[in-house]
Number of protein chains: 2
Amino acid sequence: MSALTPEADPLAHPELEQIDLPDVLHALSDPVRLSIVAALASGEERTCKSFDLPVTKSTCTHHFRVLREAGVIRQRLEGTTRLNSLRRAELDGRYPGLLDAVLGAAGS
Amino acid sequence: MSALTPEADPLAHPELEQIDLPDVLHALSDPVRLSIVAALASGEERTCKSFDLPVTKSTCTHHFRVLREAGVIRQRLEGTTRLNSLRRAELDGRYPGLLDAVLGAAGS
DNA sequence: ATCCTTGTACGACGGATATCGAACTTTGAT
DNA sequence: ATCAAAGTTCGATATCCGTCGTACAAGGAT
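Criteria and cut-off values
Residues numbered from 1 in each chain as written. Chains lettered and ligands numbered in written order. Predicted model: local features only at pLDDT ≥ 70, side-chain atom pairs only at ≥ 80, totals over all residues. Heavy atoms only, no water. Least-squares fit on C-alpha atoms with pLDDT ≥ 70 in both. Contact = heavy atoms within 4.5 Å. Near = heavy atom within 4 Å. Polar contact = N/O pair within 3.5 Å; in protein donor to acceptor, adjacent residues only side chain to side chain. Helix = DSSP H or I, 4+ residues; strand = E, 2+ residues; numbered from the N terminus. Nonpolar A, V, L, I, M, F, W, Y, C, P; charged D, E, K, R; others polar. Axes fitted to C-alpha atoms, helices over the stretch in contact; angles between N-to-C directions. Parallel < 35°, antiparallel > 145°, perpendicular 65-115°, else oblique. Left-handed = near helix turned anticlockwise from the far one by under 90°. Salt bridge = Lys/Arg side-chain N within 4 Å of Asp/Glu carboxyl O. Buried < 20%, exposed > 50% of the residue type's maximum accessible area, 1.4 Å probe, protein only. Pairing = 2+ DSSP bridges.

> Before we move on, can you summarise the relation of the copies chain B and chain A with the specific residues and values?
By a simple turn and slide, chain B fits onto chain A: the slide is 0.1 Å along the axis, the RMSD is 0.0 Å, and the turn is 180°. Put plainly, the chains are arranged around a two-fold axis. A high fraction, 100%, of the interface residues of chain B reappear at the interface in chain A, so the copies pair face to face through one surface.

> Account for the protein's contact with DNA strand C, with residues named and values stated.
Close to DNA strand C lie 20 residues; Lys49(A), Lys57(A), Thr61(A), His62(B) and His63(B) are nearest. Near the protein, within 4 Å, the atoms of DNA strand C are sugar or phosphate in 60% of cases. The backbone of Cys48(A) places a nitrogen or oxygen atom 3.2 Å from a phosphate oxygen of DNA strand C. Here Thr61(A) contributes a side-chain N or O atom positioned 2.4 Å from a phosphate oxygen of DNA strand C. Going through the elements one at a time, α3 (57-70) and β3 (81-86) of chain A together with α3 (57-70) of chain B are the ones with two or more residues in the surface near DNA strand C. Of the residues that constitute the surface near DNA strand C, the class distribution is two nonpolar, 13 polar and five charged.

> An account of unusual backbone geometry is needed here, citing residue identities and associated values.
Its identity as a non-glycine residue notwithstanding, Asp52(A) has a phi of 55°, on the positive side. Within the secondary structure layout, Asp52(A) lies in the loop between β1 (46-47) and α3.

> Mind laying out the packing of helix α1 (residues 21-28) of chain B against α3(B), listing which residues take part and the relevant values?
All names here are of chain B. Interaxial distance between α1 and α3 falls to 9 Å at its minimum, and their mutual angle equals 155°. Considered as vectors, α1 and α3 are oriented roughly antiparallel to each other. Viewed along their axes, α1 and α3 form a crossing whose handedness is left-handed. In this structure, α1 contributes Asp23, Val24 and Ala27 to the contact, and α3 contributes Val66, Leu67 and Ala70.

> Hey, could you go over the protein's contact with DNA strand D for me, with residue numbers and the actual values?
Close contacts around DNA strand D come from 21 residues, with Arg33(A), His63(A), Lys49(B), Lys57(B) and Thr61(B) the closest. Counting only atoms of DNA strand D within 4 Å of the protein, the fraction found in sugar and phosphate groups is 60%. In this structure, a phosphate oxygen belonging to DNA strand D sits 2.9 Å away from a side-chain N or O atom of His62(A). Here a phosphate oxygen of DNA strand D and a backbone polar atom of Lys49(B) are 2.7 Å apart. Mapped onto the surface near DNA strand D, the elements with two or more residues apiece are α3 of chain A together with α3 and β3 (81-86) of chain B. Counted by class, the surface near DNA strand D contains two nonpolar, 13 polar and six charged residues.

> With reference to specific residues and values, describe the pattern of salt bridges.
Opposite charge on two side chains makes pairing possible when the charged atoms of those side chains draw close. All names here are of chain A. Tallied over the entire structure, the rule returns 10 salt bridges over all chains. The partner of Arg76 in a salt bridge is Glu45, with the nearest N and O atoms 2.8 Å apart. A residue pair is termed long-range when its members are at least 10 positions apart, and Arg76 in strand β2 (residues 73-78) and Glu45 in the loop between α2 (31-39) and β1 qualify at 31 residues. The exposure class of Glu45 is partly exposed, given its relative accessible area of 38%. Residues Arg88 and Asp100 are paired through a salt bridge, measuring 2.9 Å at the closest nitrogen-oxygen approach. With Arg88 in helix α4 (residues 88-94) and Asp100 in helix α5 (residues 98-107), this pair connects stretches of sequence that are 12 residues apart.

> Requested: an account of the environment of Glu15(B), with residues and values cited.
Secondary-structure assignment places Glu15(B) in the segment before α1. Counting along the chain gives 75 residues from Glu15(B) to Glu90(B), while the straight-line C-alpha distance between them is 9.6 Å.

> Can you explain the sheet that holds β1(A)? Please cite residues and give values.
Residues and elements named next belong to chain A. Spatially, the three strands line up as an open sheet ordered β1-β3-β2, and their pairing is antiparallel. Here the strands that pair on one side only, and so sit at the sheet edges, are β1 and β2. Sheet topology places β2 next to β3; six bridges connect them, and they run antiparallel. Opposite Glu78, over in β3, you have Thr81 as the bridge partner. Contacts from α3 reach β2 and β3, with the element oriented near 120° to β2.

Rendered as structure tokens:
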């Protein structure tokens, strides 16, 4: 039962069907998190530190966790860093056009 | 200076250029408010009471104000009621595809 | 082994938020 | 004139949220 308990995994990601629209919108409603998502729009994997955000480390951890738990980003362990990427294809399948619209709106 | 002071107007709506994306996303991130917006998607004007929301009157007032101040809906006085409508064309001009994507996602 | 880098965990704190109930206002109907 | 209906306003409350600092853990480099 160890691998199946979600609480036990420190890097738990929601399944596609578990992603909730209000949660996604809330995750995107913060300027810091929106800038993270916009920076990931190119498709690259980037470490947390590479973003140069106007908040401290612990606040960064918080924002990346909110995005991950809402299903917006994926976090992958790589040595001592976490590589972040957008779950774009999955989000596009679940909520067609949403991410593009938000990214377009954030860019203007 | 009476007509130009925003605070004096109890039904102040933001101009298109003043609408802020994080504010809009936050306004849409609440399930009650999302259901209001979805119900207004047809384009009709509807009174507050016609929604039959699972909250009290004063909470309704709160949610409609959040949506109005974020620029998502317009409220018009008509006798003793307020007629609510989506600012769809304006939002579409400012954030193309956003409202459609959210409404599509909320409907599924 | 030691240190540096990257990030998490744990409180803590102040401000925002969703909710309610009760009192009030305004309008329209009886 | 009275009354009911639709909302607002005003506290009050409980919770959530963004932020920070400090302490901690794990990997990589020297």
